[in-house]
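Structural description and commentary
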Amino acid sequence: MKSKTGVLLINLGTPDSPAVGDVRSYLSQFLNDPRVIDLPWLSRKLLVNFLIVPFRAPKSAKIYQKLWTANGSPLLYYSEKAKDLLQASLGSDYEVHLAMRYKNPSIPDVLEAMRKLNYEKIVVLPMFPQYASASTGSALDEVMRVMRTWWVVPEVKFISQYYDHPKFIEAFVARGRQYNLADYDHILFSYHGLPERQVDKVHNDGRCANHNCEQEITEENKYCYKATCYGTTRLLVEKLNIPEGKYTVCFQSRLDKKWLMPFSDKVVEECARKGMKKILVFSPAFTADCLETIIEIGDEYQEIFKEHGGEKVQLVESLNDHPTWIDCLKDLVIT
Ligand SMILES: C=CC1=C(C)c2cc3[nH]c(cc4nc(cc5[nH]c(cc1n2)c(C)c5CCC(=O)O)C(CCC(=O)O)=C4C)c(C)c3C=C
Ligand SMILES: [Fe+2]
Ligand SMILES: [Fe+2]
């Protein structure tokens, strides 16, 4: 009998419903993660449980209510679709599972089901192309925490990042080619933001600013999220023939001022102030459409742009169920 390989896809997670209570519970689990709010235990608890969550939960719930569809949360819907397509593509030697780092289906529940299936090998594949401790690091940390309790630990392969995988790039290029780039005044590559101190911690001297991360990827900075966001952009820009000066790398969804800059909302505003009318926005830190793409870029940036004289912010759809993205996931699992 040939043993099957188990594949565990992991995405970030989303509330169980857009009700305030479920959003509160999601935000609380998410923001109490020490890899997300990397403060000492007491400071994190006080900040998250008494300041951020009580104020943010009702506001976020309203946004989630706008996002929710008949299929539920887009992040979970598209992640499940990708799982099913990957299963079909890999065939019967593999069994593909999906877990979410926060909320459901939870990593402990899915891993418990996988443990009982007695796989000889498990491939753990977070759906984040660029490594960040707050996303990939946290997902892999949670898997290790659970697996540490297993009596039988099979062969395990962890995939940390793949921002430069040719099929990941090709899939985003294909999404971009659905638009005539010449119709747009400017193109933004808007990545999820991170606190600067989290990016600094990747470097041995604790200073991202010393490592030319906007220009090159080296052995030293290859896990620096800022470096790999710029690296992703260089690869996309080259394939899409976007000239220097016609695009900007920026970072969205900040919680405070000391996050990676420039901030996407400010760049959108600046584009409008310069008289631009149409901008196209790629968001290549996400592999499934979610609150940060559909609402933040598609609605909020559209509003900011219009308010300052612009006309159209066009979001490039995320990879979701694109066949080249599924091919990329397959390559990552089998090679
Ligand atoms: C690229 C992957 C992600 C990184 C890195 C990341 C870091 C990070 N995020 C927050 C705070 C929030 N993020 C929220 C939503 C959210 N974040 C990601 C991905 C990354 N986050 C996704 C895919 C989503 C959308 C989830 C969905 O349900 O659609 C939210 C919740 C929404 C809101 O209230 O604004 C928060 C809060 C921090 C603090 C952080 C790193 C320090
Ligand atoms: Fe986030
Ligand atoms: Fe860096």
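An unreviewed UniProt entry annotates the protein chain as Ferrochelatase originating from Chryseolinea soli. What UniProt records for the protein chain under Function (unreviewed entry) is the sentence "Catalyzes the ferrous insertion into protoporphyrin IX." The Sequence similarities (unreviewed entry) comment attached to the protein chain in UniProt states, word for word, "Belongs to the ferrochelatase family."

1. A word on the nonpolar core
In this structure, Leu31, Leu86, Phe189, Tyr225 and Trp325 are the most contacted members of the largest nonpolar core, which totals 73 residues. For this core, the two domains that each supply at least three residues are domain 1 (5–162 + 323–334) and domain 2 (179–315). With residues near it in sequence (within four places) discarded, leucine 31 still touches Val36, Ile37, Arg44, Val48, Ile52 and Val53. Grouped together as the second largest cluster of nonpolar side chains are 16 residues, Ile122, Leu140, Val143 and Val146 included.

2. Concerning the environment of lysine 201
Among the secondary structure elements, lysine 201 is positioned in the loop between α7 (196–200) and α8 (225–240). Its relative accessible area of 56% is what places lysine 201 among the exposed residues. Taking the C-alpha atoms as reference points, lysine 201 and serine 135, 66 residues apart in sequence, are found 15 Å from one another. A distance of 2.8 Å separates a polar atom in the side chain of lysine 201 from a polar atom in the side chain of aspartate 38.

3. Quick look at the UniProt feature "binding site: Fe(2+)" (unreviewed entry) in the protein chain
Sequence positions flagged by UniProt for "binding site: Fe(2+)" (unreviewed entry) are, in local numbering, His192 and Glu292. Across 101 residues of sequence, these annotated residues stay compact in space, with a maximum C-alpha separation of 8.0 Å. Structurally, histidine 192 is set in strand β5 (residues 186–192). Ignoring anything within four residues of it in the chain, the contact list for histidine 192 reads Tyr225, Phe251, Gln252, Ser253, Trp259, Ala285, Phe286 and Glu292. Its place among the elements puts glutamate 292 in helix α10 (residues 291–307). Apart from residues no more than four positions distant in its own chain, glutamate 292 is found in contact with His192, Gln252, Ser253, Phe286 and Ile297.

4. Points about the side chain of glutamine 314
Position of glutamine 314 relative to the elements: it lies in strand β8 (residues 312–315). Overall, the relative accessible area of 19% leaves glutamine 314 in the buried class. Not counting residues up to four positions away in its chain, the partners in contact with glutamine 314 are Tyr179, Tyr184, Ile279, Leu280 and Val281.

5. Here we look at the pattern of salt bridges
Considering all chains together, one arrives at 19 salt bridges under this definition. In this structure, aspartate 321 and lysine 81 form a salt bridge, with 3.1 Å as the shortest nitrogen-oxygen distance. Of this pair, aspartate 321 sits in the loop between β8 and α11 (323–334) while lysine 81 sits in helix α3 (residues 74–90), and the two are 240 residues apart along the sequence. A relative accessible area of 25% places aspartate 321 in the partly exposed class.

6. Side note on the environment of phenylalanine 55
With respect to the helices, strands and loops of the structure, phenylalanine 55 is situated in helix α2 (residues 41–67). Between the alpha carbons of phenylalanine 55 and glycine 21 there is a distance of 13 Å; along the sequence they are 34 residues apart.

7. Considering the site of ligand 1
Neighbouring residues of ligand 1: 26 residues in total, closest Thr14, Arg56, Ser60, Tyr64 and Leu291. Threonine 14 has a polar side-chain atom sitting 2.6 Å from an oxygen atom of ligand 1. Leucine 291 is positioned with one of its backbone polar atoms (N or O) 2.9 Å from an oxygen atom of ligand 1. For ligand 1, the accessible surface in isolation is 810 Å², of which the surrounding protein chains cover 97%. Broken down by secondary-structure element, the contributors of at least two residues to the shell around ligand 1 are β1 (5–13), α1 (20–31), α2, α5 (133–147) and α10. Sort the elements by how many residues they give to the shell around ligand 1 and α1 lands first, with four residues. A class-by-class count of the residues in the shell around ligand 1 yields 18 nonpolar, six polar and two charged. Each of two domains, domain 1 (5–162 + 323–334) and domain 2 (179–315), supplies a minimum of three residues to the shell around ligand 1.

8. Some remarks on the pairing of β8
One ladder, built from four bridges, connects strand β7 (residues 278–282) with β8; its direction is parallel. Counterpart to leucine 280 in the pairing with β8 is glutamine 314. One crossover worth recording links β7 to the parallel β8 by way of α10, and it is right-handed.

9. Describing the packing of helix α6 (residues 166–176) against α11
Viewed as axis vectors pointing N to C, α6 and α11 meet at an angle of 170°, and their least axial separation amounts to 8 Å. Comparing the axis directions of α6 and α11 gives the class roughly antiparallel. Here Lys167, Phe168, Glu170 and Ala171 of α6 come into contact with α11, specifically with Thr324, Trp325, Asp327, Cys328 and Asp331. When its residues are assigned to classes, the contact of α6 with α11 shows four nonpolar, one polar and four charged.

10. Overview of the sheet that holds strand β2 (residues 94–102)
In spatial order, the strands read β2-β1-β3-β4; together these four strands make up an open sheet with parallel pairing. Each edge of the sheet is formed by a strand with only one pairing partner; in this case those strands are β2 and β4 (155–158). Between one strand and the next, the sheet's axes are offset by a mean angle of 20°, whatever the strand orientation. Bridging between β1 and β2 involves eight bridges; their strand directions are parallel. Within β2, the residue paired with leucine 9 across the bridge is leucine 98.

Rules and cut-offs
Residues numbered from 1 in each chain as written. Chains lettered and ligands numbered in written order. Predicted model: local features only at pLDDT ≥ 70, side-chain atom pairs only at ≥ 80, totals over all residues. Heavy atoms only, no water. UniProt positions renumbered as here; feature names shortened; annotations may be inferred. Core = buried A, V, L, I, M, F, W, Y, C linked by side-chain atoms within 4.5 Å. Buried < 20%, exposed > 50% of the residue type's maximum accessible area, 1.4 Å probe, protein only. Domains from an automatic or database assignment. Contact = heavy atoms within 4.5 Å. Helix = DSSP H or I, 4+ residues; strand = E, 2+ residues; numbered from the N terminus. Polar contact = N/O pair within 3.5 Å; in protein donor to acceptor, adjacent residues only side chain to side chain. Salt bridge = Lys/Arg side-chain N within 4 Å of Asp/Glu carboxyl O. Near = heavy atom within 4 Å. Areas by Shrake-Rupley, 256 points an atom, 1.4 Å probe, with all protein chains shown as cover. Nonpolar A, V, L, I, M, F, W, Y, C, P; charged D, E, K, R; others polar. Pairing = 2+ DSSP bridges. Right-handed = clockwise from strand over helix to strand, strands pointing away. Axes fitted to C-alpha atoms, helices over the stretch in contact; angles between N-to-C directions. Parallel < 35°, antiparallel > 145°, perpendicular 65-115°, else oblique.

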